[in-house]
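# Chain and residue survey
Chain by chain, the residues run as shown.
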Amino acid sequence: MPAQGKHRRPKSTSLGRGLAAVTTGGAVLALPVIGATSAFAAPAPAAAPQAVAPTAVVAQANSAAKAAPAKHSVAAGETLSKIAREHSVSGGWKKLYEGNRKIVGSNPDLIHPGIKLVIGAKSAASSDDKASKASPSAERGASADRADRSERIDAAPVAKAAPAAEKEAVTYTNDLDGWIKESLAVMAEQGIPGTYEGIHRNIMRESSGNPAAINNWDSNAVKGTPSKGLLQVIDPTFQAYHVPGTSTDSYDPVANITAACNYAAGRYGSIDNVFGAY
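Residues numbered from 1 in each chain as written. Predicted model: local features only at pLDDT ≥ 70, side-chain atom pairs only at ≥ 80, totals over all residues. Heavy atoms only, no water.

What follows is about the overall build of the protein. Helices and strands together make up the secondary structure of the protein, namely 12 helices and six strands. Nonlocal contacts in the protein, meaning residues at least 24 apart in sequence, comprise 50% of its contacts between residues at least 6 apart. (Helix = DSSP H or I, 4+ residues; strand = E, 2+ residues; numbered from the N terminus. Contact = heavy atoms within 4.5 Å.)

Now for helix H8 (residues 176-190). Taking 1.5 Å of rise per residue, 15 residues should cover 21 Å, and H8 covers 21 Å from first to last C-alpha, within 8% of that figure. Listed in full, the buried residues belonging to H8 are Leu176, Gly178, Trp179, Ile180, Ser183, Val186, Met187, Ala188 and Gln190. Structurally, H8 contributes buried residues whose contacts are with helix H9 (196-206) and helix H12 (253-268). Looking one or two residues beyond H8, the residue adopting positive phi is Gly191, at roughly 75°. (Expected span 1.5 Å × (residues − 1). Buried < 20%, exposed > 50% of the residue type's maximum accessible area, 1.4 Å probe, protein only.)

Our next topic: the side chain of His72. Positionally, His72 belongs in strand E3 (residues 70-73). A distance of 2.9 Å separates polar atoms of two side chains, one belonging to His72 and the other to Glu78. (Polar contact = N/O pair within 3.5 Å; in protein donor to acceptor, adjacent residues only side chain to side chain.)

Here the focus is the environment of Leu80. Inspection of the secondary structure puts Leu80 in helix H2 (residues 80-86). For Leu80, a relative accessible area of 4% corresponds to the buried category. When the C-alpha atoms of Leu80 and Tyr97 are compared, they prove to be 7.2 Å apart, with 17 residues separating the residues in sequence. Filtering out sequence-adjacent residues up to four positions away, Leu80 remains in contact with Trp93, Leu96, Tyr97, Pro108, Ile111 and Leu117.

Have a look at this one:
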């Protein structure tokens, strides 16, 4: 068996070979030069560009925030006409009622204190919907048509606002019929139940329609609190059930009727359920 070589040169995989020319006394010698391969650090990745919200998105968010509908908490004595005027609702009380029909109910004259009315919800929603669907080219193409139609559209709310003015101009006669009708209007705003027939029936029994009537001989009179007015209300009851917005004089026909009906609603459910002394 031949002897195994002792000077076997290992194969190089990571080093490159080259030649260098060396001058020695004029003689050029070619010597092998072994150079290590150079390692270079990988360049650092470029920083990712910071995300910037597009201007259009920011503008749209700001527009949506501004278009958010306002809310109004109904206070005692307020009407839809009054609230529509305070918030400059285009279309008046009818427009306000259309947008809050589910909250108010079927009778726009009857709004309960404490309910929350949404101001401008419908118009804001339709505006957002139109803005989202319209493209820039469509906007440019329709601009002339919009300008042409704006005069006709802008004139419409003025005509619709007329009924509100007529509603506020209602006057009542200074007699039993007028007092009962005015009382019913106040009661509707305050959520107090009662009908014309129920009020009239009890007035005729209690005072025969005389707003200055007073009872000076019954047990209440003996206690120093005689029954007064159309529905014969004693002062403590009148003060406890007085309806805001009416006179504080218990002889005042409208104030007397509304206070008595407010008391009857709390004790009997309605003045309509009263058929005798109460």
